[in-house]
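Here's the letter readout for the chains.
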Amino acid sequence: MNGIAAPIVAFEPSPTQDFLKPRRRVSVVMVVYMTGEALQRSLECVLADPLVDELVVVDNGSTRIDLARLKSLAERDARVRLLTGHGNVGFARGANLGARAAGGDIIVFLNPDAFLQAACVQELVRAIEGRPTPSLVGGRVLNADRTEQRGARRGDITPVSALMSLSHLSRHVAAWRRYEVHWEKDAAPEAVAAVPTVSGACICMRREDFDALGGFDEGYFLHVEDVDLCWRVRQAGGEVLFAPLAEVIHLGHTSHASPLRVEFHKGVGLARYFRKRAANLTERLVAWALSPVIVCTAVARPVVWRIRGRAT
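In this text, all values refer to a predicted model and were calculated from it rather than measured experimentally. (Residues numbered from 1 in each chain as written. Predicted model: local features only at pLDDT ≥ 70, side-chain atom pairs only at ≥ 80, totals over all residues. Heavy atoms only, no water.)

A. Molecular detail of helix H1 (residues 38-48). For H1, a buried count of eight out of 11 residues is recorded, marking the element as mostly surrounded by other parts of the structure. What H1 keeps buried is the set Ala38, Leu39, Arg41, Ser42, Leu43, Cys45, Val46 and Leu47. At its buried positions, H1 is contacted by strand E1 (26-33), strand E2 (54-61), helix H2 (64-76), strand E3 (80-83), strand E4 (106-110) and strand E5 (114-116). (Buried < 20%, exposed > 50% of the residue type's maximum accessible area, 1.4 Å probe, protein only. Helix = DSSP H or I, 4+ residues; strand = E, 2+ residues; numbered from the N terminus. Contact = heavy atoms within 4.5 Å.)

Structure representation (C-alpha cells):
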C-alpha cells in the first residue's frame, strides 16, 4: 500500500454506549469498482466497529485478486455479504442493490477508499435518532492530513451558486457570499447542524426514509446522486444534517478508472440535476442551455490538470 493510510486509520474499536445497546441494526453498504489498495484497509475499519452488524459489498468491478479477497472475506466473516456478477451498473444503482440486500434498520453508505474513525458510526446513529422523517446525516469527511475535505458540507447547489462558486465571485464579493457552495473552510459546528448538502462518501439514513424516497436516483451513473438525494430529502420536508464528530478519512482518486471518464460522468450528472430541479419553463430552458457547457467544462478539467502537472 502507499502507506498514507497507516497513521490515519482508527484501529481501536469505539466503545458501545449505553443508549445504543437496545438499538436498531446497522448495515454498511459499500460499492466497489477498481478501488485499489485502499479497499482492504477500508474493509478492516468497517469490521472493527462494534456497532456494524452487517457489511454489504457491491462489486461493480474488481481485479481477480481483489475479487478473490472479497469472496474469502465473505466466507470468513458472517457479517459480510458480497453481491457480484452484475457488472458495472454505476454507483446509484449499485448502492440501491446493496440497500435492498441489507438487513439493517439504519444504512450507512461508505466509499471504499474511506476509513471510518473511532465512534463515527456511533455519532451518525446518535445524530439521526429522533430526527424528522426523512433525514440524512453526513459525516465529517477529512483529508489524510485531517483537514476537512472539499465538498464535505456544501450550500444549495444551483446553476447560480455553481457559477458564483466556480468563478470565485462568491468569495470576493461580500454581497454574493451566500452563493458560496463550498463550506469546508468555515469553522466546523460544535454539534450536529442542518446544512443543504453533504458528501456521499459517508452518509447515514434510516431504511424507512431511504425507501420512502425511492433510494438513489439511478438516472445518475457516477457522482451527483448524493447531491440529488440531499435535495430530495429537503424537498420532502426533512433534514440534511452534518455530524462533526462522525469523522471519516477519505483518500479520493484511488480508483483505476480514467479521470476523463469520471469527470465526464460528473458533468453529465450535474447537468441532469439542474434540469431535474428546474421549477418552471425558464429554469428548464436555462438548464438545457447550460448542459453542454457543464459537460465540456467537466471534461476539460483533467486536461488542464495534466497540463499544469497536477496529479489526478
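B. Summary view of the side chain of His182. With respect to the element layout, His182 can be found in the loop between helix H6 (169-172) and strand E8 (193-194). Note on His182: relative accessible area 19%, which makes it buried. For His182, the side chain forms a polar contact with the side chain of Arg150, separated by 3.0 Å. (Polar contact = N/O pair within 3.5 Å; in protein donor to acceptor, adjacent residues only side chain to side chain.)

C. Up close: the packing of aromatic side chains. Per the counting criterion, the structure on display carries six aromatic pairs. With 5.6 Å between their ring centres and 70° between their planes, Phe91 and Phe216 make a pair best called edge-to-face. Remark: Phe216 occurs in the loop between helix H7 (207-212) and helix H8 (225-235) and Phe91 occurs in helix H3 (residues 91-101); sequence separation between them is 125 residues. The burial state of Phe91 is the same as that of Phe216; both residues are buried. On the basis of an interplanar angle of 80° and a centroid distance of 5.2 Å, the ring pair of Phe109 and Phe216 is categorised as edge-to-face. Taken together, the residues span a long stretch of sequence, with Phe109 in strand E4 and Phe216 in the loop between H7 and H8 at a distance of 107 residues. Here Phe109 matches Phe216 in class, with each residue buried. Through successive ring pairs, a cluster of aromatic residues spans Phe91, Phe109, Phe210 and Phe216. Taking the ring centre of Tyr220 as reference, the NZ or CZ of Arg272 above it sits at 4.7 Å. One Lys or Arg, Arg275, reaches over the ring of Trp288 and ends 4.3 Å from the middle of that ring. (Phe/Tyr/Trp six-rings, centres within 6.5 Å; stacked < 30°, edge-to-face > 60°. Lys NZ or Arg CZ within 6 Å of the ring centre and 35° of its normal.)

D. Looking closely at unusual backbone geometry. For the bond from Thr133 to Pro134, the omega torsion is 0°, close enough to zero to count as cis. Inspection of the secondary structure assignment puts Pro134 in the loop between helix H4 (120-128) and strand E6 (135-142). The backbone phi angle of Ala119 is positive, close to 75°, even though this residue is not glycine. Turning to its location among the elements, Ala119 is positioned in the loop between E5 and H4. Even without glycine at this site, Arg146 takes up a positive phi of about 70°. Structurally, Arg146 can be placed in the loop between E6 and strand E7 (153-154).

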